[in-house]
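As a plain string of letters, each chain reads:
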Amino acid sequence: LTDVAKRAYANWIYAWLADPAKLRPNTAMPKSFTGDDTGTAERYAVTQYLVSLAGKQLDAYKLPTVPPNPLKQSMDRGRTLFHVTGCAACHTEPAAKKK
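Residues numbered from 1 in each chain as written. Predicted model: local features only at pLDDT ≥ 70, side-chain atom pairs only at ≥ 80, totals over all residues. Heavy atoms only, no water.

Enquirer: Please clarify how the pattern of salt bridges should be interpreted in this entry.
Expert: Pairs can form between side chains of opposite charge once their charged atoms are near each other. In this structure the tally under the stated criterion is 1 salt bridge. In this structure, K6 and D3 form a salt bridge, with 3.5 Å as the shortest nitrogen-oxygen distance. Look at K6 and you get partly exposed, because its relative accessible area is 45%. Overall, D3 belongs to the partly exposed group, its relative accessible area being 39%. (Salt bridge = Lys/Arg side-chain N within 4 Å of Asp/Glu carboxyl O. Buried < 20%, exposed > 50% of the residue type's maximum accessible area, 1.4 Å probe, protein only.)

Enquirer: Would you mind going over the packing of helix α2 (residues 10-18) against helix α4 (residues 37-54) with me for this structure?
Expert: To characterise two packed helices, one gives the angle between the axes of the helices and the distance between these axes. The interhelical angle for the contact between α2 and α4, taken along N-to-C directions, is 140 degrees, at an axis separation of 9 Å. The orientation of α2 relative to α4 falls into the category oblique. α4 is crossed by α2, and the crossing has right-handed handedness. Residue-level inspection shows A10, I13, Y14, L17 and A18 of α2 in contact with α4, the latter providing T40, R43, Y44, V46, T47, L50 and V51. Grouping the amino acids of the contact of α2 with α4 by side-chain chemistry returns 9 nonpolar, 2 polar and 1 charged. (Axes fitted to C-alpha atoms, helices over the stretch in contact; angles between N-to-C directions. Helix = DSSP H or I, 4+ residues; strand = E, 2+ residues; numbered from the N terminus. Parallel < 35°, antiparallel > 145°, perpendicular 65-115°, else oblique. Left-handed = near helix turned anticlockwise from the far one by under 90°. Contact = heavy atoms within 4.5 Å. Nonpolar A, V, L, I, M, F, W, Y, C, P; charged D, E, K, R; others polar.)

Enquirer: Just to check I follow, could you spell out the nonpolar core for this structure?
Expert: Soluble globular proteins tend to bury their nonpolar side chains together. Counting residues in each nonpolar core, the largest one holds 11 residues, listed as V4, A5, A8, A10, I13, W16, L17, F33, L50, V51 and A54. The set of elements that each furnish at least two residues to this core consists of α1 (4-7), α2 and α4. If one sorts the elements of this core by residue count, α2 sits on top with 4 residues. Other than its neighbours up to four places away in sequence, I13 contacts V4, A5, A8, T47 and L50. (Core = buried A, V, L, I, M, F, W, Y, C linked by side-chain atoms within 4.5 Å.)

Enquirer: What is the right way to read α2 from this model?
Expert: An α-helix turns once every 3.6 residues. As a result, residues three or four positions apart point the same way. When α2 is considered as a whole, its buried residues turn out to be A10, I13, W16 and L17. Take α2 and look down its axis: the buried residues cluster within an arc of 125 degrees, on one side only. Residues of α2 that are buried make contact with α1, α3 (20-23) and α4. (Arc of directions from axis to C-beta.)

See below:
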């Protein structure tokens, strides 16, 4: 967990801690915090702690105002998420098929 904030945005960590199954239905991680004010404060504190361990938060991802090519931009955002959220740790990009 020390480096999780180097791979995930603080808002994503906070949402994950709120309800892991909502973000990934087949996750093994249980919902660990209550839905009341105490649980909200605890999730916020844990999120801030994890972000502090990373040293520097990820820069906010900003969508362009006018996408020149929506399909290419969607693929680029997907590629960024694949690497930033940690999917690349368990999954690899498919190898190019030989012709």
